[in-house]
Amino acid sequence: MSVISRRRMLKESAAVAATLSCLPTYSLFASEKQTYRIGACDWSIGHHSEVEAMATAQKIGLDGVQISLGKVENNMHLRQKEVQQAYKAAAKKYGVKVSSLAIGELNQVPYKSAPETIGWVSDSIDVAQAMGVPLVLLAFFGNGDLKNDVQGIKEVIKRLKDVAPKAEKQGIILGIESWLSADEHLEIIEVVGSPNVRVYYDVANSHKMGYDIYEEIQRLGSEYICEVHAKENGYLLGKGSIDFERVKAILDDVSYQGWVIIEGAIPEGMEMLEAYQANCQFVQSVFNQS
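All values derive from a computational prediction rather than experimental measurement.

Here we come to empty space enclosed by the protein. This structure, assessed with the given rule, holds 3 cavities of 30 Å³ or more. There is about 70 Å³ of room inside the largest cavity. Lining of the largest cavity is provided by 16 residues; of these, Ser178, His185, Tyr200, Tyr201 and Ser206 occupy positions nearest its centre. Of all elements in the fold, only β5 (173–178), α6 (182–192), β6 (197–202), α7 (203–208) and α8 (213–224) reach the threshold of two or more residues within the lining of the largest cavity. For the lining of the largest cavity, the element with the highest residue contribution is β6, accounting for 4 residues.

Structure, rendered in structure tokens:
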């Protein structure tokens, strides 16, 4: 991919500055002494689209939870005001936060083809604003995979172009998580042309694809990475292939100040609670060591 033009850089800088002024509880620029907030995906801790995720997060010792917009069978229930209130009440009760939203159902019902997903993504922006969270993860795996799908990418770009002005107006980031490389993500972002469309970076997924995750994180930086999944497949964090100390050093270097969200990382035969308490302690020791 060619280097972004000076004109685009100046345009994005102005747009980002405008966006930051209205983003709820979110900054892209690190303080002198960085403290990372640690969360987990609701589906990883056994509570996909369930408010009980907040209580479990407290037991684990997490700062927050990435919660799902919903499932097909509950019609993306977080769009309902009463469901939003239930999450807010639970967050207050258990002393944890909602870090971000996610639409995992896009893996089964693809954004690149299913008409109903246009409404899901648009509505998720309203929900994120109502919940006081800065971003929504858009998943592109399974049926929604974009790798080597030229027509699928074209349709996704079209849809993102249509919804991006709303995201910009309401100060919400849409984060793409997929099997694509950093360059492929940047190509999409360049064509969409919105500072509110960014990369949701999953270290395990990118490592599995053979990408140099350390180089990609450095290159994408806090300008393009909106949030990070700390993940291992079949191992506790720190016991697999990812060098999290190196990841942390690079995130510090690029002045990232988003959440670190734990996903996966449960060895075979280990209970979720035990695994996630260990994962949480590990991430805290690496990312928030004194």
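Let's pick the thread back up.
This part takes up unusual backbone geometry. In this structure, Asn148 takes a positive phi of about 65° despite not being glycine. Along the chain, Asn148 turns up in the loop between β4 (135–140) and α5 (150–170). On the basis of relative accessible area, Asn148 is assigned to the exposed category, the value being 71%. The backbone of Ser255 sits at a positive phi, close to 60°, despite the residue not being glycine. Take Ser255: it is sitting in the loop between α9 (244–253) and β8 (260–264).

Put simply, α9 and helix α10 (residues 272–287) touch, their axes get as near as 9 Å, and they point 50° apart. Judged by the inter-axis angle, α9 sits oblique to α10. Crossing geometry of α9 relative to α10 is assigned as right-handed. Facing α9, whose interface residues are Phe244, Glu245, Val247, Lys248 and Leu251, α10 presents Phe282, Val286 and Phe287. Here the contact of α9 with α10 is built from residues that sort into 6 nonpolar, no polar and 2 charged.

Rules used throughout
- Residues numbered from 1 in each chain as written.
- Predicted model: local features only at pLDDT ≥ 70, side-chain atom pairs only at ≥ 80, totals over all residues.
- Heavy atoms only, no water.
- 1 Å grid on protein atoms, 1.4 Å probe; cavity = no way out; pocket = protein on both sides within 12 Å on 5 of 7 lines; lining within 4 Å.
- Points joined across faces, edges and corners; volume = space filled by probe spheres on them.
- Helix = DSSP H or I, 4+ residues; strand = E, 2+ residues; numbered from the N terminus.
- Buried < 20%, exposed > 50% of the residue type's maximum accessible area, 1.4 Å probe, protein only.
- Axes fitted to C-alpha atoms, helices over the stretch in contact; angles between N-to-C directions.
- Parallel < 35°, antiparallel > 145°, perpendicular 65-115°, else oblique.
- Left-handed = near helix turned anticlockwise from the far one by under 90°.
- Contact = heavy atoms within 4.5 Å.
- Nonpolar A, V, L, I, M, F, W, Y, C, P; charged D, E, K, R; others polar.

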